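Tertiary structure, described
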Amino acid sequence: MLPAIDATDVVKRYEGRRAPVTALAGVSLRIEQGEFFGLLGPNGAGKTTLISIVAGLARASAGAVKVMGYDVAGDYRNARRMLGVVPQELVFDPFFSVRETLRIQSGYFGLRHNDAWIDEVMAHLDLTAKADANMRALSGGMKRRVLVAQALVHRPPVIVLDEPTAGVDVELRQGLWQFVRRLNREGHTIVLTTHYLEEAQELCGRIGMLRGGRLIALDDTSRLLQRLAGLQVSLRLSGPLPERLRPQLVQADAPRYVLRLAQPAEVEGVLAACREAGAAIEEIEVGHADLEDVFLQMMSEEPTGVPA
């Protein structure tokens, strides 16, 4: 079976004022059909650049990308038909209503008499009451819902969600994920970028992490979480962190510190070290590592290569 997205040695360079800027430095990534895949990384890591190349909105400087077997540069029309993209930016035409916007989007893909599916998409995204409202009159959250609906009107097999819940309320977020989960169960491939790492942990079966235009991690979500076995201890101290605890430090934002422990028995040693140093513990929280912990670790480590 053809992969949903197949990127091979993708490089993207931009001409800078003094020297070329490399946004992607040889990214290879294969996403299978039916996956719910998370693409994570800090701002400037290259996520949106890669998505723009996948969507045919930017040309790679080197390498190749295929969507459902169609080359995004050599066979743009078919590749684009296979893809629905929800962009980060709130881009909309201010002269049309929500329903008109979705009908026009359907027309771009040659779809007529698409109102039944448009009605279903609007219902799932809680847009029905706003169907005849002008786009200018919508709140930011409502406009983002319309962007999601636009990406779905032609029922693409591959759906890319680039920060789809940024700036939207909790109720919409839950409703959106229920709908997207349903699409994934029906066979749609979902690619998600998000800064809400708890969303990625809950939804995505596999995750890739970008940093500085390079893919530094690619694995099942469960295996990524196993990389940080043990506990995370969050401390709020009245004084500085004792020196003997610094090798276990994961994150520091004084007076709060996060430590990594191998086993629960080590908690007593942390308490003893703080007592000996005269650093009173004002708050303490003990929990298992989550995807945010893994993300912070991966972003701070030297790259060691990506699993095949």
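These figures come from a predicted structure and were not determined experimentally.

With that settled, the discussion passes to the overall build of the chain. Scanning the chain from terminus to terminus reveals ten helices and 14 strands. Dimensions of the chain, computed from the C-alpha atoms along their principal axes, are close to 75 × 45 × 45 Å. For the chain, contacts bridging at least 24 residues in sequence account for 70% of all contacts bridging at least 6. Accessible surface computed for the chain: about 15500 Å², of which carbon and sulfur atoms make up 49%. Of the side-chain charges in the chain, 35 are positive and 38 negative, and the distance between the mean point of each set is 6 Å.

Moving on, we get to the sheet that holds strand S14 (residues 281-288). Strands sit in the order S12-S13-S11-S14 across an open sheet of four strands; the sheet is antiparallel. Only two strands of the sheet have a single partner each, and these edge strands are strand S12 (249-253) and S14. Put simply, the sheet's adjacent strands are angled 15 degrees from each other on average, direction ignored. The pairing of strand S11 (residues 231-237) with strand S13 (residues 256-261) spans six bridges and is classified as antiparallel. By the bridge assignment for S13, Arg236 is matched with Arg256. Across the face of the sheet, helix H9 (residues 266-277) comes into contact with S11, S13 and S14 while running at roughly 20 degrees to S11.

Moving on to the sheet that holds strand S7 (residues 158-162). A sheet is described by the order of its strands in space; here six strands give the open sequence S6-S7-S8-S3-S9-S10, paired in mixed fashion. The open sheet is flanked by strand S6 (83-86) and strand S10 (214-220), the only strands paired with a single partner. The mean angle between the axes of side-by-side strands here comes to 15 degrees, regardless of whether they run parallel or antiparallel. Note: S6 against S7, four bridges, orientation parallel. Looking at the pairing, Leu83 lines up with Val158 of S7.

Right, let's get into the packing of helix H5 (residues 140-152) against helix H6 (residues 170-185). For the pair H5 and H6, interaxial distance at closest approach is 12 Å and the crossing angle is 5 degrees. If you check the angle between H5 and H6, you find them roughly parallel. Facing Gly141, Arg145, Val148 and Leu152 of H5, the residues of H6 in contact are Leu172, Leu176, Phe179 and Leu183. When its residues are assigned to classes, the contact of H5 with H6 shows six nonpolar, one polar and one charged.

Before going further, it helps to spend a moment on the pairing of strand S2 (residues 21-31). Relative to S2, strand S1 (residues 5-14) is paired through eight bridges, and the arrangement is antiparallel. Looking across to S2, one finds that Lys12 is bridged to Leu24.

Bringing the nonpolar core into the picture now. One finds Phe36, Leu40, Leu102, Leu125, Leu161, Ile207 and Met209 to be the most contacted residues of the largest nonpolar core, which totals 45 residues. A per-element tally of this core places H5 first, with seven residues.

When the terminal C-alpha atoms of H9 are compared, their 17 Å separation across twelve residues agrees well with the 16 Å that a helix rising 1.5 Å per residue should span. Those residues of H9 not exposed but buried are Val267, Val270, Ala272, Ala273 and Cys274. In this structure, the buried residues of H9 make contact with S11, S13 and S14.

Okay, unusual backbone geometry next. Ala254 connects to Pro255 through a cis peptide bond whose omega is 10 degrees. Along the chain, Pro255 falls in the loop between S12 and S13. Phi at Met68 takes a positive value of approximately 50 degrees, unusual for a residue other than glycine. By the secondary structure assignment, Met68 is in the loop between strand S4 (62-67) and strand S5 (70-71). Even without being a glycine, Glu163 presents a positive backbone phi close to 55 degrees.

Under the counting rule described, the total for this entry stands at 15 salt bridges. With its nearest N and O atoms 2.7 Å apart, the salt bridge here joins Glu202 to Arg181. In this pair, Glu202 sits in helix H7 (residues 197-203) while Arg181 sits in helix H6, placing the two residues 21 residues apart along the sequence. One salt bridge connects Asp220 with Arg223, and the closest N-O pair in it is separated by 3.0 Å.

Further remarks concern the side chain of Ser106. Relative to the elements of secondary structure, Ser106 occurs in helix H3 (residues 98-108). Side-chain polar atoms of Ser106 contact the side chain of Asn114, separated by 3.0 Å. In contact with Ser106, not counting residues within four places along its chain, are Leu111, Asn114, Ile118 and Val153.

Turning to its location among the elements, Ile159 is positioned in strand S7. Between the alpha carbons of Ile159 and Phe36 there is a distance of 9.7 Å; along the sequence they are 123 residues apart.

Here we take up H3. Of all the residues in H3, the buried ones are Val98, Arg99, Thr101, Leu102, Gln105 and Ser106. What you see down the axis of H3 is that its buried residues fit within an arc of 160 degrees, all on one side. Those residues of H3 hidden inside the fold are in contact with helix H4 (115-124) and H5. After H3 finishes, the residue Gly110 shows a positive phi value of roughly 75 degrees.

The rules behind these values
All residue numbers here refer to positions counted from 1 along the written sequence of the relevant chain. Since the coordinates come from a predicted model, pLDDT governs what is reported: local features require at least 70, and pairs of side-chain atoms require 80 or more to be given and counted, while whole-chain, interface and lining totals use all residues. Neither water nor hydrogens contribute to the side-chain values; these are computed over all heavy atoms in the structure. Here a strand is any run of E in DSSP of at least two residues, a helix any run of H or I of at least four, and the numbering for each starts at the N terminus. Any two residues having at least one pair of non-hydrogen atoms within 4.5 Å are treated as being in contact. Here, Shrake-Rupley sampling with a 1.4 Å probe gives the accessible areas, and only protein chains in the shown set may cover a residue. We count Lys and Arg on the positive side and Asp and Glu on the negative side, and we leave His and both chain ends out. To locate a charge, the coordinates of NZ of Lys, CZ of Arg, CG of Asp or CD of Glu are taken. A strand pair is defined by DSSP finding two or more bridges across the two strands. A fitted line through C-alpha atoms serves as each axis, taken over the contacting stretch for helices, and the angle formed by two N-to-C directions is quoted from 0 to 180°. The labels follow the angle: roughly parallel below 35 degrees, roughly antiparallel above 145, roughly perpendicular from 65 to 115, and oblique for the rest. For this classification, the nonpolar set comprises Ala, Val, Leu, Ile, Met, Phe, Trp, Tyr, Cys and Pro, the charged set comprises Asp, Glu, Lys and Arg, and every other residue, Gly included, is treated as polar. Think of a nonpolar core as a cluster: buried Ala, Val, Leu, Ile, Met, Phe, Trp, Tyr and Cys residues, connected wherever their side-chain atoms sit within 4.5 Å. In this scheme, a residue with accessible area under 20% of its type's maximum is buried, one over 50% is exposed, and one in between is partly exposed, where area comes from a 1.4 Å probe on protein chains only. One fewer than the residue count of a helix, multiplied by 1.5 Å, yields its expected span. A pair is scored as a salt bridge if a Lys or Arg side-chain nitrogen falls within 4 Å of a carboxyl oxygen belonging to Asp or Glu. Side-chain atoms alone can form a polar contact between residues adjacent in sequence; in general such a contact is a pair of N or O atoms within 3.5 Å, and within protein one must be able to donate a hydrogen while the other accepts it. Of all possible arcs, the one meant is that of the directions from the helix axis to the C-beta atoms.

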